[in-house]
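Here's the letter readout for the chains.
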Amino acid sequence: MGKKAKSNQPSTTMTDVEWVIMNVVWEHEPCAAGTVQEALAESYAWAYSTVKTTMDRMVTKGLLTRKSIRNLNLFSSAISPDNAKRGELKRVLSRAFNGALTPMLQFIVDEEELTAEEIQQLRKIIKRADRKPE
């Protein structure tokens, strides 16, 4: 990939369900499992026990932390959104592109119908990267 990751925090792969839950936790932390289940009730028909069990497993994996206050468990993220995205990107790079960033970017440019605005944004990102000292 060329450059080292900017964080020393370890990255952990998340399942699709964990991503959904983590997005709610990032928005509402610290929060109880019931808060997460209620936030997802409209989009997902997950029972409270499913959400709570998944969140307990996420604590074991090191994705969440749990703090007990009397009989209430409050969950907070143990991984930042940027670190989670970094881990996911590394997983995709490794599996689909042998760890090489340039072929992935070429694939995106070739396969996606980028708008003129998206192309302009990519040019700005590349210009910013060119100005950074090594």
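Everything that follows concerns the structure shown earlier in this document.
Rules of the game
- Residue positions within a chain follow its written sequence, with the count starting from 1.
- Where local features are concerned, this predicted model is filtered to residues with pLDDT of at least 70; where side-chain atom pairs are given and counted, the filter is 80 or more; whole-chain, interface and lining totals use all residues.
- The side-chain values count all of the structure's non-hydrogen atoms but skip hydrogen atoms and water molecules.
- Helix and strand assignments come from DSSP, with helices taken as H or I runs of at least 4 residues and strands as E runs of at least 2, each series counted from the N terminus.
- Throughout, radius of gyration means the C-alpha value; the globule benchmark is 2.2 Å times the number of residues raised to the power 0.38.
- Should any heavy atoms of two residues lie within 4.5 Å, those residues are considered in contact.
- Note on areas: these come from Shrake-Rupley sampling with a 1.4 Å probe, and a residue is covered only by the protein chains present in the view.
- Counted charges follow a simple rule, with Lys and Arg positive, Asp and Glu negative, and His plus the chain ends left uncounted.
- A charged residue contributes its charge at one atom only: NZ of Lys, CZ of Arg, CG of Asp or CD of Glu.
- Throughout this description, the term salt bridge denotes a Lys or Arg side-chain nitrogen within 4 Å of a carboxyl oxygen of Asp or Glu.
- Only protein chains enter the area calculation, which uses a 1.4 Å probe; residues under 20% of their type maximum are buried, those over 50% are exposed, and those in between are partly exposed.
- We define a nonpolar core as any set of buried Ala, Val, Leu, Ile, Met, Phe, Trp, Tyr and Cys residues linked to one another through side-chain atoms lying within 4.5 Å.
- A pair of strands is treated as paired once DSSP finds two or more bridges between them.

Caption draft 1: Representation of the overall build of the chain in the model. In terms of regular secondary structure, the chain is built from six helices and two strands. When the helices and strands of the chain are listed from N to C terminus, the series reads α-α-α-β-β-α-α-α. Its C-alpha atoms give the chain a radius of gyration of 19 Å, clearly above 14 Å, the size a compact globule of 134 residues would have. For the chain, the spread of C-alpha atoms along the three principal axes comes to 55 × 30 × 25 Å. Partitioning the intrachain contacts of the chain with sequence separation of at least 6 by distance along the chain shows that 54% fall at a separation of at least 24. Summing over all exposed atoms, the chain offers an accessible surface of approximately 9700 Å²; the carbon and sulfur share of this is 50%. Averaging the coordinates of the 20 positive side-chain charges in the chain and doing the same for the 17 negative ones gives two points 9 Å apart.

Caption draft 2: Broad picture of the pattern of salt bridges. Counted according to the given criterion, the structure contains four salt bridges. Residues Glu18 and Lys61 are paired through a salt bridge, measuring 2.9 Å at the closest nitrogen-oxygen approach. Placement of the pair is Glu18 in helix H1 (residues 16-28) and Lys61 in helix H3 (residues 48-61), with a sequence separation of 43 residues. The residue Arg91 makes a salt bridge to Glu88 at a minimum N-O spacing of 2.7 Å. One end of the pair is Arg91 and the other is Glu88, both in helix H4 (residues 81-97) and three residues apart, which spans about a single turn. The class for Arg91 is partly exposed, based on a relative accessible area of 28%. The exposure class of Glu88 is partly exposed, given its relative accessible area of 22%. Overlapping salt bridges, with partners in common, bring together Lys52, Asp56 and Arg66 in one network.

Caption draft 3: Seen up close, the nonpolar core. Membership of the largest hydrophobic core comes to 20 residues, with the highest contact counts inside it found for Met14, Ile21, Met22, Val25, Val36, Met55 and Leu64. Taken together, the elements giving at least two residues each to this core come down to H1, helix H2 (33-40) and H3. Of the residues forming this core, the biggest block, seven residues, is contributed by H1. Leave out the neighbours within four places in its chain, and Met55 touches Ile21, Val25, Ala33, Val36, Leu64 and Phe75.

Caption draft 4: Inspection of the pairing of strand E1 (residues 64-69) at higher detail. Bridge count between E1 and strand E2 (residues 72-77): six bridges; the pairing is antiparallel. For Thr65, the partnering residue across the bridge sits in E2 and is Ser76. Between E1 and the antiparallel strand that follows it, E2, lie two residues; Arg70 among them carries a positive phi value of about 55°.

Honestly, that's just the spatial picture; any functional story needs more than this.
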